[in-house]
Amino acid sequence: EKTECSMTDSVMSKAATMEIPINSNGGTRALAEEDSLEQAAKLQWSLDEKVGSSRGTRDLQQVMVSGPNLNETSIVSGGYGGTAEGIIPTGSIKGPNMHHSTSSSSMTAEEATRGVAVEKYEAMKKWGLNTYKCTKQMISERFGRGSRTVDLELEAQIEVLRDTKRKYESVLRLAKALTNHFYNMVQTQHALGDTFADLSQKSPELRDEFGYNAETQKLLCKNGETLLGAINFFVSSINTLVNKTMEDTLMTIRMYENARLEFDAYRSDLEELSMGPRDAVTMARIEGAQEQYQVHKEKYERLRSDVTIKLKFLEENKVKVMHKQLLLFHNAISAYFAGNQQQLEQTLKQFNIKLRPPGADKPSWLEEQ
């Protein structure tokens, strides 16, 4: 017992003080697929301690978030959900048979529990190994020791998209602010027109003066509601472009970037194994690494193709949408401030924008603000 305790203390001491050497390619010694999950966790902990930077920790946490959802594991057992044919009448059950049935059910439940545990362990082990490799690759790239696959043209297009999205978000924010301010002004004009009309009836000596001011404010209010309809349509279209169309493409880009990291991680792992000795054990590991490399290479290339196609269609859609919306915004603003009511109404007809007529059963979009 003393010998076993001393051996255990020696192993724990060694695991707690072990370091991970980084070679010229930014990798570490290959982690065997049969190694325990506890060892992989200790390696990641030791590596995180050596990095010591908050930025590296945030990236590692982002990788760890993509772990397996063990709650989604489903087990189908023959002992559950059976048909009515499997039901034994209670009258036919005797002592020994009952004991045998109980024992069989207990064994079936035990096997099902064991199956769940094994499946969860395998999923956790696979996720842990993948996380370890990707974390190692990420840290190697951050310290400039690991190589990464770069598509200069595609990455330039991705950066342009992200910059464009930031600028369009600014346009959307300002357009919403303009809508709110202008809506408040229209509401004030409406209230002012009602007040002028009331004073026109109660002030005979100033009836005409209050009267034409009331008519002017009502006309401005009507034109303001028409302009608000155009601006609201502009805001809605820009919001769809930014928060749905562009965001959908950026989601595919994030999947592509994760696939690129995984591809480089398994590529580096394969290169490292290929430089080692060629014994039977190593050859088996190289064969397994080659298969994983091919799987992640195909995933990376498929997502790169998806990103290229989506960027192309996004650019075409963006030009088409913005050409229409900018023309609408310009014509509506110009007609309103020029006092051209006919041109303002014609602009809304041109772009098929319909305002709810006054007195309708449902409130207009202005009343819903």
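This is a predicted model, so every value here is computed, not measured.

Draft legend 1. Expanded view of the side chain of N331. For N331, the location among the structural elements is in helix α7 (residues 280-337). Of the residues examined, N331 reaches a relative accessible area of 17% and is grouped as buried. If we ignore the near neighbours within four places in the chain, the residues touching N331 are Q343, T347 and Q350.

Draft legend 2. Molecular detail of helix α6 (residues 207-274). End to end, α6 covers 97 Å across 68 residues, agreeing with the expected 100 Å (1.5 Å per residue, within 8%). Maximum bend of α6: about 35 degrees, positioned at E247.

Draft legend 3. The packing of α7 against helix α8 (residues 341-350), seen in detail. Packing of α7 against α8 leaves a shortest axis separation of 8 Å and a crossing angle of 160 degrees. Overall, the two elements α7 and α8 adopt an arrangement that is roughly antiparallel. The element α7 and its partner α8 pack so that their crossing is left-handed. Between α7 and α8, the residues in contact are L327, L328, N331, A332, A335 and Y336 and Q343, L344, T347 and Q350, respectively. Each residue belonging to the contact of α7 with α8 can be placed in one class, and the counts come to six nonpolar, four polar and no charged.

Draft legend 4. Structural context of the nonpolar core. Judged by nonpolar contacts, the single largest core of 44 residues is most densely connected at I158, L161, I253, Y256, V307 and L311. Secondary-structure elements contributing two or more residues to this core are α5 (152-202), α6, α7 and α8. With 18 residues, the single largest contributor to this core is α6. With residues near it in sequence (within four places) discarded, I253 still touches I158, L161, R162, V307 and L311.

Draft legend 5. Quick peek at the UniProt feature "coiled-coil region" (unreviewed entry) in the protein. Mapped onto this structure's residue numbering, the UniProt feature "coiled-coil region" (unreviewed entry) falls at residues 286-317. Helix makes up 100% of residues 286-317 and strand 0%. Its end C-alpha atoms lie 46 Å apart.

Draft legend 6. Focus on the packing of aromatic side chains. According to the stated counting rule, one finds seven aromatic pairs in the structure shown. Here the aromatic rings of F196 and F210 are separated by 6.0 Å at their centres, their planes lie at 35 degrees, and the arrangement is tilted. Residue F196 is found in helix α5, and its partner F210 is found in helix α6; the two are separated by 14 residues along the sequence. Comparing F196 with F210 shows no difference in burial state: the two are buried. Site record: aromatic cluster; members linked through ring pairs are Y256, F263, Y293 and Y300.

Draft legend 7. Looking closely at α8. Looking only at α8, the buried set comprises L344, T347 and L348. Down the axis of α8, the sector holding all buried residues measures 95 degrees, keeping them to one side. Looking at α8, the residues exposed on the side facing more than 90 degrees away from the buried face are Q342 and K349. Packed against the buried residues of α8 are α6 and α7. In the segment just after α8, N352 is the residue with positive phi, at about 55 degrees.

Draft legend 8. Region of interest: the pattern of salt bridges. Per the counting criterion, the structure on display carries 16 salt bridges. Across the pair D163 and R166 runs a salt bridge, and its minimum N-O distance is 3.5 Å. With D163 and R166 both in helix α5 and three residues apart, this pair spans about one turn of that helix. Among the residues examined, R166 registers a relative accessible area of 47% and is labelled partly exposed. When the shortest N-O distance is used, the salt bridge between E247 and K165 registers 3.6 Å. In this pair, E247 sits in helix α6 while K165 sits in helix α5, placing the two residues 82 residues apart along the sequence. The buried category is assigned to K165, whose relative accessible area is 11%. It is possible to trace a salt-bridge network through shared partners that takes in E159, D163, R166 and K167.

Each value, and the rule that gives it
- Residues numbered from 1 in each chain as written.
- Predicted model: local features only at pLDDT ≥ 70, side-chain atom pairs only at ≥ 80, totals over all residues.
- Heavy atoms only, no water.
- Helix = DSSP H or I, 4+ residues; strand = E, 2+ residues; numbered from the N terminus.
- Buried < 20%, exposed > 50% of the residue type's maximum accessible area, 1.4 Å probe, protein only.
- Contact = heavy atoms within 4.5 Å.
- Expected span 1.5 Å × (residues − 1).
- Bend = angle between axes of the 7 residues up to and from the residue.
- Axes fitted to C-alpha atoms, helices over the stretch in contact; angles between N-to-C directions.
- Parallel < 35°, antiparallel > 145°, perpendicular 65-115°, else oblique.
- Left-handed = near helix turned anticlockwise from the far one by under 90°.
- Nonpolar A, V, L, I, M, F, W, Y, C, P; charged D, E, K, R; others polar.
- Core = buried A, V, L, I, M, F, W, Y, C linked by side-chain atoms within 4.5 Å.
- UniProt positions renumbered as here; feature names shortened; annotations may be inferred.
- Phe/Tyr/Trp six-rings, centres within 6.5 Å; stacked < 30°, edge-to-face > 60°.
- Arc of directions from axis to C-beta.
- Salt bridge = Lys/Arg side-chain N within 4 Å of Asp/Glu carboxyl O.

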